[in-house]
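Listed below, chain by chain, are the residues.
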Amino acid sequence: MPSANSLTVLAYAAGLIATLVLAAWLTPARWWRRPNLRAAGILAAGTWGLGALLLSLLPASGPVVAATAPPSPSHAGVSYTVFDDLNLRADKGIGAPRIAVAPAGTVVTTTGLRDGDWWQVSARIDGRQVRGWSSSLWLRRAEEAPR
């Protein structure tokens, strides 16, 4: 499937072609004998308008979601201390199902996957290893934790 950028370029290229065809058919030939501001305005407005119309008619491929950053060696394996009860979720976002709650004081370790403020972490909770997503806003580096 073509990328969103290539679809945008194709839509505006088609808009330019359609503008040229319509301008040649609907406007007096004398307007196009030499370049002028009116011709440039018609081409710019027509290309923008028809390109935007074509883009709006393309089927939506679903919501645009930021890609998860690949694991970062500098960010993987870093330990953080939970300073308040922390929800670990099945996926990024507050709408994702909660899979566990890490109590305050629990040490979590990053896997290196992150998407904005959402980080994938692992922790030992109630004797079992749990991996889930959490907001990084609720974490403190292990050495920063209050004693």
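Note that the coordinates shown come from a computational prediction; the quantities given were computed from them, not determined experimentally.

**Section: unusual backbone geometry**
Even without glycine at this site, Asp-126 takes up a positive phi of about 55°. Its place among the elements puts Asp-126 in the loop between strand E5 (118-125) and strand E6 (128-135).

**Things to note about the side chain of Thr-19**
Structurally, the position occupied by Thr-19 is in helix H1 (residues 4-26). Residues contacting Thr-19, with those up to four places away along its chain left out, are Ile-42, Leu-43, Gly-46, Thr-47 and Leu-50.

**Let's talk about helix H2 (residues 37-57)**
Across its 21 residues, H2 extends 30 Å between first and last C-alpha, which sits within 8% of the 30 Å expected from 1.5 Å per residue. Taken as a whole, H2 has its buried residues at Ala-39, Gly-46, Thr-47 and Gly-51. Looking straight down H2, one finds that the buried residues subtend no more than 120° of arc, so they occupy a single side. In H2, the exposed positions angled more than 90 degrees off the buried face are occupied by Leu-37, Trp-48 and Ser-56. Packing partners of the buried residues in H2 comprise H1.

**Comments concerning the packing of H1 against H2**
One way to put it is that H1 packs onto H2 with a least axis distance of 7 Å and a crossing angle of 130°. Between H1 and H2, the angle falls in the class oblique. In the crossing of H1 with H2, the sense of the turn from one axis to the other is right-handed. Between H1 and H2, the residues in contact are Leu-7, Thr-8, Ala-11, Tyr-12, Ala-14, Gly-15, Leu-16, Ala-18, Thr-19, Leu-20, Leu-22 and Ala-23 and Ile-42, Leu-43, Gly-46, Thr-47, Trp-48, Leu-50, Gly-51, Ala-52, Leu-54 and Leu-55, respectively.

Rules used throughout
Residues numbered from 1 in each chain as written. Predicted model: local features only at pLDDT ≥ 70, side-chain atom pairs only at ≥ 80, totals over all residues. Heavy atoms only, no water. Helix = DSSP H or I, 4+ residues; strand = E, 2+ residues; numbered from the N terminus. Contact = heavy atoms within 4.5 Å. Expected span 1.5 Å × (residues − 1). Buried < 20%, exposed > 50% of the residue type's maximum accessible area, 1.4 Å probe, protein only. Arc of directions from axis to C-beta. Axes fitted to C-alpha atoms, helices over the stretch in contact; angles between N-to-C directions. Parallel < 35°, antiparallel > 145°, perpendicular 65-115°, else oblique. Left-handed = near helix turned anticlockwise from the far one by under 90°.

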